[in-house]
Amino acid sequence: MAAREWQQRAARALHVRLPGGLGQQCGASAGGQVWIADQRRYYAAGTLDAKRVTTLENLGMVWSVHASAWDAGIDVAHDYAAVHGHFLPPTSAVWGGDGFPIGVWAKNQRAAGKKTREHATRRAAGETGISSAGELSQSRLEALEEIDPGWCPEWEISWARCHRLLLRHIQAGGTLPTKTGELVVQGEDLAVWIAGQTAAWDKLTPAQHYLLESLGVDPEQGPELRPVRKSQDELWDRNMTAARQFHAREGHLRVPRHQREDVEGELLGLGSFIANARRRAAKLSPERREALSALDMRW
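Residues numbered from 1 in each chain as written. Predicted model: local features only at pLDDT ≥ 70, side-chain atom pairs only at ≥ 80, totals over all residues. Heavy atoms only, no water.

Along the chain, the regular secondary structure elements total 12 helices and eight strands. Relative to its full complement of 299 residues, the chain shows a buried share of 37%. Residue pairs in contact within the chain that sit at least 24 positions apart in sequence constitute 49% of those at least 6 positions apart. About 17,600 Å² of surface is accessible on the chain, with carbon and sulfur atoms providing 51% of the total. (Helix = DSSP H or I, 4+ residues; strand = E, 2+ residues; numbered from the N terminus. Buried < 20%, exposed > 50% of the residue type's maximum accessible area, 1.4 Å probe, protein only. Contact = heavy atoms within 4.5 Å. Areas by Shrake-Rupley, 256 points an atom, 1.4 Å probe, with all protein chains shown as cover.)

Here we take up helix α6 (residues 138-147). Listed in full, the buried residues belonging to α6 are L141, L144 and I147. In a view along the axis of α6, the buried residues occupy a sector of 125°, so they form one face of it. Opposite the buried face of α6, at more than 90 degrees from it, the exposed residues are Q138, S139 and E146. (Arc of directions from axis to C-beta.)

Enumeration over the complete set of coordinates arrives at nine salt bridges. The closest approach of N and O atoms between E127 and R122, which form a salt bridge, is 2.7 Å. E188 is the partner of R161 in a salt bridge, and the nearest nitrogen-oxygen pair spans 3.3 Å. Taken as a pair, R161 in helix α7 (residues 157-171) and E188 in strand β5 (residues 188-189) lie far apart in primary sequence, 27 residues in all. For the pair R161 and E188, one class covers both residues: buried. (Salt bridge = Lys/Arg side-chain N within 4 Å of Asp/Glu carboxyl O.)

One non-glycine residue, Q186, lies in positive phi territory at about 50°. Relative accessible area serves as the criterion here: at 27%, Q186 is assigned to the partly exposed category. For D296, which is not glycine, the phi dihedral falls at a positive 65°. Mapped onto the secondary structure, D296 falls in the segment after α12 (286-293).

A cluster of basic residues, R257, R279, R280 and K283, forms a positive patch on the protein surface. Structurally, R280 is set in the loop between α11 (270-279) and α12. For R280, a relative accessible area of 42% gives the class partly exposed. (Patch = residues over 30% accessible without salt bridge, like charges linked within 9 Å, V, L, I, M, F, W, Y side chains within 5 Å. Lys, Arg positive; Asp, Glu negative; His and termini not counted. Charge placed at Lys NZ, Arg CZ, Asp CG, Glu CD.)

When the terminal C-alpha atoms of helix α10 (residues 232-250) are compared, their 27 Å separation across 19 residues agrees well with the 27 Å that a helix rising 1.5 Å per residue should span. The secondary structure elements touched by the buried residues of α10 are β7 (261-263), β8 (266-268), α11 and α12. Phi for G251, located one or two positions after α10, is positive at around 85°. (Expected span 1.5 Å × (residues − 1).)

With that settled, consider the nonpolar core. Counting 20 residues, the largest nonpolar core has F87, I102, W105, L144 and W151 as the members making the most contacts within it. Going through the elements one at a time, α4 (65-84), α5 (102-124) and α6 are the ones with two or more residues in this core. Considering every element that reaches this core, the biggest residue donor is α4, with seven residues. Sequence-distant contacts of I102, defined by excluding residues within four places in its chain, comprise G73, V76, A77, Y80, F87, P89, A93, V94 and W95. (Core = buried A, V, L, I, M, F, W, Y, C linked by side-chain atoms within 4.5 Å.)

Examined against the element boundaries, H252 turns out to sit in the loop between α10 and β7. Within the structure, the side chain of H252 is placed 3.0 Å from the backbone nitrogen of R254, a separation counted as a polar contact. Each residue touching H252, except ones within four places of it in the same chain, is listed here: F246 and H247. (Polar contact = N/O pair within 3.5 Å; in protein donor to acceptor, adjacent residues only side chain to side chain.)

Right, let's talk about the packing of aromatic side chains for a bit. By the definition in use, this model includes seven aromatic pairs. Ring centres of Y80 and F87 lie 6.3 Å apart, and the angle between their planes is 75°; this geometry places the pair in the edge-to-face category. When sorted by exposure, Y80 lands in the same class as F87, which is buried. Classification of Y80 by relative accessible area gives buried; the value is 5%. (Phe/Tyr/Trp six-rings, centres within 6.5 Å; stacked < 30°, edge-to-face > 60°.)

For the rest of this paragraph, the subject is the packing of α7 against helix α8 (residues 190-199). The relative placement of two packed helices is expressed as an angle between their axes plus a distance between the axes. Relative to each other, α7 and α8 sit at 120°, their axes nearing to 11 Å. When the axis of α7 is compared with that of α8, the two are oblique. Considering the relative orientation of α7 and α8, their crossing is left-handed. Residues W159, C162, H163, L165 and L166 of α7 touch α8, and the partners they reach there are L190, W193, I194 and Q197. Here the residues of the contact of α7 with α8 are counted per class, giving seven nonpolar, two polar and no charged. (Axes fitted to C-alpha atoms, helices over the stretch in contact; angles between N-to-C directions. Parallel < 35°, antiparallel > 145°, perpendicular 65-115°, else oblique. Left-handed = near helix turned anticlockwise from the far one by under 90°. Nonpolar A, V, L, I, M, F, W, Y, C, P; charged D, E, K, R; others polar.)

Shown next as structure tokens:
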């Protein structure tokens with residue numbers, strides 16, 4: 001194919017980029033996609049002319065869709081960890097302005113990390129012929145460990161997350177919670193979690209016993225699980241804090257029915273609060289109606 005014709009074909013094929021932030025490229029037709037796949041194959045084989053490589057890169061060519069997905073995920077992972085103090089997100093977690101599914105991405109990296117660790121152990125024992133498919137490269141392992149050395153724990157991810165949150169609390173000078181609702185961090189009631197560990201102590205591993213005992217958890221004495229009751233005024237003030245937070249972020253108070261708002265680590269049912277306030281509008285005090293109206297409440 002002549003150089004000019006090739007350049008025109010490249011420009012046509014690369015002018016469309018699929019949404020989703022993964023950098024996957026396509027042409028306006030199936031033929032364009034096939035052409036791009038061919039260029040990637042030539043590039044991987046080292047047979048693509050250097051000038052054509054430069055031309056394609058200047059047009060925004062992404063040589064590996066998987067590498068692009070990795071780049072997107074690792075950027076979001078850095079931000080998530082900076083805000084939360086760990087990289088142990090639940091599978092349901094989304095993060096960033098584009099709502100990146102960081103929980104699913106992290107789950108996939110953990111699966112690959114565990115496979116890499118397992119294969120390394122088998123190779124060290126002398127086993128041969130083990131495929132490297134599905135493993136993480138050393139550079140990717142290092143990138144994740146730089147974000148959080150404990151990103152791929154041996155045990156269930158929610159256990160590791162709660163332990164990390166409790167560890168940070170103790171390291172900051174806090175004490176173990178003794179009642180439900182006393183210490184809720186990032187939506188996790190750590191008193192309930194501790195009680196669950198002491199109740200199932202015999203099912204935990206020796207390593208988990210050590211980690212819990214290092215924090216002062218006594219298997220013979222779990223927290224009291226009676227809920228801490230709040231007054232109606234305290235509940236109202238807490239929900240108004242959530243409403244103001246939502247309004248400041250979204251610019252309105254049109255709250256979805258199932259919206260839950262994180263206020264200092266406590267997930268509040270803001271959608272239910274707004275719906276109930278609207279239904280009970282006639283019974284609200286003038287001060288409370290005025291407070292909601294100031295946030296553009298639609299009665």
